[in-house]
Amino acid sequence: CRANTAVYKMVNLLAVVWLLCFGPGATALNNGLGLTPPMGWNTWCTQGKCGRDYCDSKEIMSIADAMASNGMKEAGYEYINMDDCWADYRDQDGTIVPDKMRFPDGLEPVIKYVNAKGFKFGVYTDAGVYTCSEGGREHKIPGSYGHYEQDAQTYATWGVEYVKMDWCNTKINGTQLNPKIQYPQMSKALNATGKPIFFNACEWGVDDPWKWMAQYANSWRTGPDHHDEWRSTAEIIEINADKGKYAGPGGWNDMDFLMTGGQVDCVPAVN
């Protein structure tokens, strides 16, 4: 993805609709993070590849270069995050392995590069057995189910400072997982690493996470995916209009990414 277009994508729409997020205060996850809504850049839907994240080490580092030099860091942009499709498989020990074609030296050199530019690095995982997208592969990408503690420790070892956990493929042997069990488990696993890691819970607002998630996560999705058309934007604004009271330092309503236009594989482009 070209840096001069991609860097204008924010991690969260909540950074734009600021007033909808602020509330009188809520009991939040006490990990010292998320005192203000997170701002940054995310790999999802860049260059119209919605559903197929083609990020690689070169792209991530070029984004870090651009954001460090164009004033975005000074404006408060803090994170550079990878969404779905960065991983490939688990090795014989169960450790998640990045796609070697896209990250031939693994993620650690990329994370160190991003950190050296003054940014924090984030990754994506899923609460279920697989992530939401195959990313153009012929096999599904492993989720974190059954590996919460192991993945949390792996991320911490790599230097990850932001984790988004999605909610796809969460029916196990015919039984639907419970987000009120799975997200607290991952929250506990991340905290147990001893490394402060911002935790974003993405279960699409199905179980009213704004009412209970603050003690487990730093932000929580409040509704459906955001697409680059006004109808989608208006829907998300309406969904969040009465939820400001649930947000505050340490825990925020997440309205999904801000799409800037041109994601032609998602919906008709709005340029």
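Here, the structure is the one placed above.
Residues numbered from 1 in each chain as written. Predicted model: local features only at pLDDT ≥ 70, side-chain atom pairs only at ≥ 80, totals over all residues. Heavy atoms only, no water.

Undergrad: Got a minute to help me understand the overall build of the protein in this structure?
TA: When you go through the protein residue by residue, the secondary structure sums to seven helices and 11 strands. Taken over 271 residues, the protein has a buried fraction of 55%. When contacts within the protein are restricted to residue pairs at least 6 apart in sequence, long-range pairs at least 24 apart make up 71% of them. As displayed, the protein has an accessible area near 11700 Å², and 51% of this comes from carbon and sulfur atoms. (Helix = DSSP H or I, 4+ residues; strand = E, 2+ residues; numbered from the N terminus. Buried < 20%, exposed > 50% of the residue type's maximum accessible area, 1.4 Å probe, protein only. Contact = heavy atoms within 4.5 Å. Areas by Shrake-Rupley, 256 points an atom, 1.4 Å probe, with all protein chains shown as cover.)

Undergrad: Before we go on, may I ask you to explain the pattern of salt bridges in this structure?
TA: Two side chains bearing opposite charge may form a pair once their charged atoms approach each other closely. Per the counting criterion, the structure on display carries 10 salt bridges. Residues Arg-221 and Asp-225 are paired through a salt bridge, measuring 2.8 Å at the closest nitrogen-oxygen approach. Judged by relative accessible area, which is 2%, Arg-221 ranks as buried. The partly exposed category is assigned to Asp-225, whose relative accessible area is 41%. One salt bridge in this structure joins Asp-256 and Arg-221, with 3.3 Å as the shortest N-O distance. Of the two residues, Asp-256 sits in the segment after strand S11 (252-254) while Arg-221 sits in strand S10 (residues 219-221), which places them 35 residues apart along the sequence. Across this residue pair, the class does not change: Asp-256 and Arg-221 are buried. (Salt bridge = Lys/Arg side-chain N within 4 Å of Asp/Glu carboxyl O.)

Undergrad: Explain helix H3 (residues 57-69) to me, please; I cannot follow it from the model alone.
TA: Each α-helix winds once per 3.6 residues, and so residues spaced three or four apart point in a common direction. Here H3 contains 13 residues, and its C-alpha end-to-end distance of 19 Å stays within 8% of the 18 Å for a straight helix at 1.5 Å per residue. Listed as buried for H3 are Ser-57, Glu-59, Ile-60, Ile-63, Ala-64, Ala-66 and Met-67. Where H3 starts, the residue carrying a side-chain oxygen 3.2 Å from the main-chain nitrogen of Lys-58 turns out to be Asp-56. Phi turns positive, to about 95°, at Gly-71, one or two residues after H3. (Expected span 1.5 Å × (residues − 1). Polar contact = N/O pair within 3.5 Å; in protein donor to acceptor, adjacent residues only side chain to side chain.)

Undergrad: Just checking my understanding: could you explain helix H7 (residues 230-240) for this structure?
TA: When H7 is considered as a whole, its buried residues turn out to be Ser-232, Thr-233, Ile-236 and Asn-240. Projected down its long axis, H7 shows its buried positions confined to an angular sector of 100°, all on one face. Residues of H7 that are exposed and point over 90 degrees away from its buried face: Trp-230, Arg-231 and Glu-238. (Arc of directions from axis to C-beta.)

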